[in-house]
Structure formats: structure tokens, C-alpha cells
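The chain contents come next:
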Amino acid sequence: MSHDATNWAIKQRGLKPAAKVVLWNLCDRYHPDNGCFPNQDTLARDCEMSRSTLNDHLAALEAAGLIRREQRRDSRTKRQKSTVYRFAFEPDFHEKPCPETGHGAVSENGAEPCPENGESRVRNPDANPVREPVKEPEREARESGREDSQPEDPKAVERAFWRVVKDWPGFAGMPKEPAKAAWFALEPEERAEAERKLPAWLKLLKAQRKSHVPAPSTYFREHLWADVPEPEEEKPAALEAKPFGPLWMVARMKQLVNGPAMKLPGLTHFQRHMVETGQADEAEIRREQQAKNGWPAVNRMHDMAERRQGVMVAPALEAFAELMAAVPVGSETYEQWREEHERRGWPWLPDPGGQPVVYFPRGGPAGIEAFEAALRGDDGHAVEAAE
């Protein structure tokens, strides 16, 4: 990871919170020498969102001029390779690959400079007494031990093949080797997509009243899954909210603005004596009692967050994450929120550890009213209230 890159991401303004989460996670995987090339499944898991939502935010970041996605193809097989993400802080961000040769920003075709970009990304051979082979980011990361995943296990690939074809209509009487060869010829991402979209493809054939189901070899070789609409995602019964993230803070703030869950006891004899003798303030004592005992659910969340454990929340709360803004830890706004918690008798956050930002309703403490209105649904925010 690059701290400079993630700090750059935090400083960007005018983004939706979820888009900023995507940008931060991309920068977290940036390496100054190797670049940034996470696969979409990894990035979606890091950002706690579906791939379709992830792609919407990537498009928004690209439209804002903060990133550029470079699609690459193998010069020999012409197959698409993994996407490389370029960032606006990189000095050659505005250079683009040559449309004719592929030389330039993502060149893999030798040292001949691109006609459009000149020699900006090609070393002068006379100034390079030590010649080193040009390496693709994936290859360099793999050889240096920095790649996220290990090389594929052929046995695992074959197990996946049999998992895909075991219920294929009519496959029992078909030759197996052509299908297996076509399966092994696919890239890992293509195999994953082929398996993921297979149920939707079979369902589509049935809806079209097709009398013949193509053989697996045809399905793999011709990428028949490519034109299948994205299958509808099943809504989970609950979502995991990671500590201090947008969804976690939505669940926490919802509990707080709804008021204390427990009625507080009266002052003890000693506390009453302290108040009557002017040694303590009654309002301050009650705020401290309220923060400690008024929201047991919130305090449980805090205890789990200290152990870096998240909580499960209702999916309906996910829409409220758009109302949250990233607040850098230790910033002026962060301290304003601390003061607001003390004023209202709310329990304050535990130590967020090394996390650079936490999330609160947009607009600072003045935005609490709008957040409460959204929870009630009287601001036109189309969200179903949920516990």
C-alpha cells in the first residue's frame, strides 16, 4: 500500500461517501512501482458492496477525472487481461495508450515510442547500461511475492469444471475432453463469470423455449454467458457493518437519535449531597449516567468495535449510508462531534485505532436534524425504516 496515495484519496472533496470508500480502497492497493490492478471480486469485498454498485462508483470516479481504467489485451491471444487503474496524482496520468500499437501507458510491445506520446514512457537505450526485461504488473508482483493470490491449482480448476457441468442437460452422453479443454483455456475471471451466470443462462434458454441446450464446450469457447443480463441479486437477511464504516455509523446514530433505551435511576444519596453542597452539577451527573447506561445497544457496538468486530444490521439501513460523510479522525469536525455527544449525553466513540476516517451525518452536528427527518421518512428519502 502507499500512504501517500491513501492520504490523497482522503483529501478529495465532492464525492459520495461510497465512491470515496472505493477510491480509498483502490489507493490502498496502489504500489508506486507495480501500479494497481485488483480484481473486481476483491475490490467489491473490500468496499462491502456488490460488483454492479462498485462499477457505478468506478464510472463516477473516472468521470470526475480521479482515475482512469486501462483495459489491456494479451498481444498473442488477444484475450482481455486484468484492468490497471491509474490515478490523477501520477505524473503520466493524462498519457493514453496508442490506439494503433498499444504502446504508451500500458505498452507491452517493445521500446518503440507511441506516435502520440513520444518518448515520455520509453527509456533511452543509450542511458540504460543495465538492460532489464519489461514486466507486466501481475508478473512482477508474482515474482516479488506481492501478488494477492497464488498460482492456480490445476486440480482446483478441474474440480470447478465438474461442478459446472455435473447437471448439464445431456452432458452424460457427450465427449468430455473438448469441454474440459475449453474450460482450461479460459482466464480465471472468465471461468468465474461462466459459473456465476450459468443458472441465469439456462433460465433464459427455458424462457425462450429453446429445444436444444448448447454443449459446455460451446458455452465456454463462445462466451455465451457474456450477453446474459445480470442475475438479480438476492437481498440478504442482514448485512455486516464494519466498525466505524458508513453502515456501522448509521446503525449507531439511529439508536442515539431515537433516545435512551433505558430509564435512568434517580441520584444516589451521595450524588444528591454533592449537588446540594455545590460540589457537582446535577445536569452533568445525569449526562454521564445517560452516556454510560442509556444506550446498552450502542455500548455493545463500542465494545465489539474495540475488538475490531462488526455488527449485523437490517439491509434497509444501507440506503442511509449516502447521508453520511467521512470525517478525518482528530479534525476540527471530529472534535465538534465529540462536543455534541457530550452536550447530548451520548456515549462517545471508542478509539478507532489506525482508521483514518469515521462517518457522521453530512453537515456536521447541524446535520442531525436532516438525518432524523430521513429516518422518519418525511424528507422524501425513499427508505423504509428499519431497526
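What comes next concerns the included structure. (Residues numbered from 1 in each chain as written. Predicted model: local features only at pLDDT ≥ 70, side-chain atom pairs only at ≥ 80, totals over all residues. Heavy atoms only, no water.)

A few points about unusual backbone geometry
Next, step 1: With a phi angle near 55°, R209 is a residue other than glycine that sits in the positive phi range.
Next, step 2: Within the secondary structure, R209 is located in the loop between helix 8 (188-207) and helix 9 (216-221).
Next, step 3: Judged by relative accessible area, R209 falls into the exposed class, the value being 76%.
Next, step 4: Positive phi, normally seen in glycine, also occurs at F244, with a value near 70°.
Next, step 5: In this fold, F244 is placed in the loop between strand 3 (239-241) and helix 10 (246-257). (Helix = DSSP H or I, 4+ residues; strand = E, 2+ residues; numbered from the N terminus. Buried < 20%, exposed > 50% of the residue type's maximum accessible area, 1.4 Å probe, protein only.)

What to know about helix 13 (residues 296-306)
Next, step 1: Of all the positions in helix 13, only V298, N299, M301, H302 and A305 are classed as buried. Taken around the axis of helix 13, the buried residues stretch over an arc of 155°, which confines them to a single face.
Next, step 2: Positive phi appears at R308, one or two residues downstream of helix 13, with a value of about 60°. (Arc of directions from axis to C-beta.)

Remarks on the packing of helix 3 (residues 40-47) against helix 4 (residues 51-63)
Next, step 1: Packing of helix 3 against helix 4 leaves a shortest axis separation of 9 Å and a crossing angle of 90°. The angle between helix 3 and helix 4 places the two elements in the roughly perpendicular class. Where helix 3 approaches helix 4, its residues Q40, D41, L43 and A44 are matched on the opposing element by R51, L54, N55 and L58.
Next, step 2: When grouped by side-chain class, the residues that make up the contact of helix 3 with helix 4 number four nonpolar, two polar and two charged. (Axes fitted to C-alpha atoms, helices over the stretch in contact; angles between N-to-C directions. Parallel < 35°, antiparallel > 145°, perpendicular 65-115°, else oblique. Contact = heavy atoms within 4.5 Å. Nonpolar A, V, L, I, M, F, W, Y, C, P; charged D, E, K, R; others polar.)

Section: helix 8
Next, step 1: For helix 8, built from 20 residues, the straight-helix expectation of 28 Å at 1.5 Å per residue is met to within 8% by its first-to-last C-alpha distance of 29 Å.
Next, step 2: Along helix 8, the sharpest kink reaches roughly 45°, centred on L198 and followed within four residues by the proline P199.
Next, step 3: Tucked inside the fold, the buried residues of helix 8 contact helix 4, helix 6 (154-165), helix 7 (177-184) and helix 9.
Next, step 4: Immediately downstream of helix 8, the backbone of R209 shows phi near 55°, a positive value. (Expected span 1.5 Å × (residues − 1). Bend = angle between axes of the 7 residues up to and from the residue.)

What to know about the pairing of strand 6 (residues 357-361)
Next, step 1: Counting buried residues along strand 6, five of its five residues qualify, which places the element largely inside the surrounding structure.
Next, step 2: Here strand 5 (residues 324-328) runs beside strand 6; their pairing, made up of five bridges, is antiparallel. Within strand 6, the residue paired with P328 across the bridge is V357. (Pairing = 2+ DSSP bridges.)

Here's the deal with the packing of aromatic side chains
Next, step 1: Enumeration over the complete set of coordinates arrives at 20 aromatic pairs.
Next, step 2: Seen from their ring centres, F161 and W183 are 6.4 Å apart, and the 50° between their planes marks the pair as tilted. Of this pair, F161 sits in helix 6 while W183 sits in helix 7, placing them 22 residues apart in sequence.
Next, step 3: Look at F161 and you get buried, because its relative accessible area is 0%.
Next, step 4: Taken together, the ring pairs in this structure connect F161, W162, W168, F171, W183, W201, Y219, F220 and W225 into an aromatic cluster.
Next, step 5: Here the guanidinium or amino end of R68 rests over the ring plane of F93, the centre of that ring lying 5.3 Å away.
Next, step 6: Directly above the aromatic system of F171 lies the positively charged group of K176, at a separation of 4.9 Å from the ring centroid. (Phe/Tyr/Trp six-rings, centres within 6.5 Å; stacked < 30°, edge-to-face > 60°. Lys NZ or Arg CZ within 6 Å of the ring centre and 35° of its normal.)

Notes on the environment of D92
Next, step 1: Mapped onto the secondary structure, D92 falls in the loop between strand 2 (80-87) and helix 5 (137-143).
Next, step 2: For D92, the side chain forms a polar contact with the side chain of R86, separated by 2.6 Å. (Polar contact = N/O pair within 3.5 Å; in protein donor to acceptor, adjacent residues only side chain to side chain.)

Here we look at the pattern of salt bridges
Next, step 1: Throughout the structure, instances matching the rule amount to 15 salt bridges.
Next, step 2: We note a salt bridge from E90 to R86, for which the minimum N-O separation is 3.4 Å.
Next, step 3: The class of E90 is buried, set by a relative accessible area of 12%.
Next, step 4: A salt bridge links K180 to E158, with the shortest nitrogen-to-oxygen separation between them at 3.1 Å. Remark: E158 occurs in helix 6 and K180 occurs in helix 7; sequence separation between them is 22 residues.
Next, step 5: What you see here is one network of salt bridges that share partners, running through R68, E70, R86, E90 and D92. (Salt bridge = Lys/Arg side-chain N within 4 Å of Asp/Glu carboxyl O.)

Observations concerning the side chain of H302
Next, step 1: Relative to the helices and strands, H302 resides in helix 13.
Next, step 2: For H302, a relative accessible area of 6% gives the class buried.
Next, step 3: Sequence-distant contacts of H302, defined by excluding residues within four places in its chain, comprise W248, R252, P347, W348, L349 and P350.

Overview of the nonpolar core
A general tendency of soluble globular proteins is for nonpolar side chains to be buried together.
Next, step 1: The biggest cluster of nonpolar side chains holds 59 residues, and the ones touching the most others in it are L23, L26, I67, F87, W248 and F360.
Next, step 2: Discounting chain neighbours no more than four positions away, the residues touching L26 are C36, P38, L43, L58, I67, Y85 and F87.
Next, step 3: Core analysis: the second largest hydrophobic core is formed by 20 residues, V157, V165, Y219 and V228 among them. (Core = buried A, V, L, I, M, F, W, Y, C linked by side-chain atoms within 4.5 Å.)

Considering the packing of helix 6 against helix 7
Next, step 1: Two elements in contact, helix 6 and helix 7, have axes separated by 10 Å at closest approach and are oriented at 125°. Taken together, the axes of helix 6 and helix 7 lie oblique to each other. You can see that helix 6 and helix 7 cross each other, and the crossing is right-handed. Each of P154, V157, E158, A160, F161, W162 and V164 in helix 6 lies in contact with helix 7, whose residues at this interface are A179, K180, W183 and F184.
Next, step 2: Tallied by class, residues from the contact of helix 6 with helix 7 come to nine nonpolar, no polar and two charged. (Left-handed = near helix turned anticlockwise from the far one by under 90°.)

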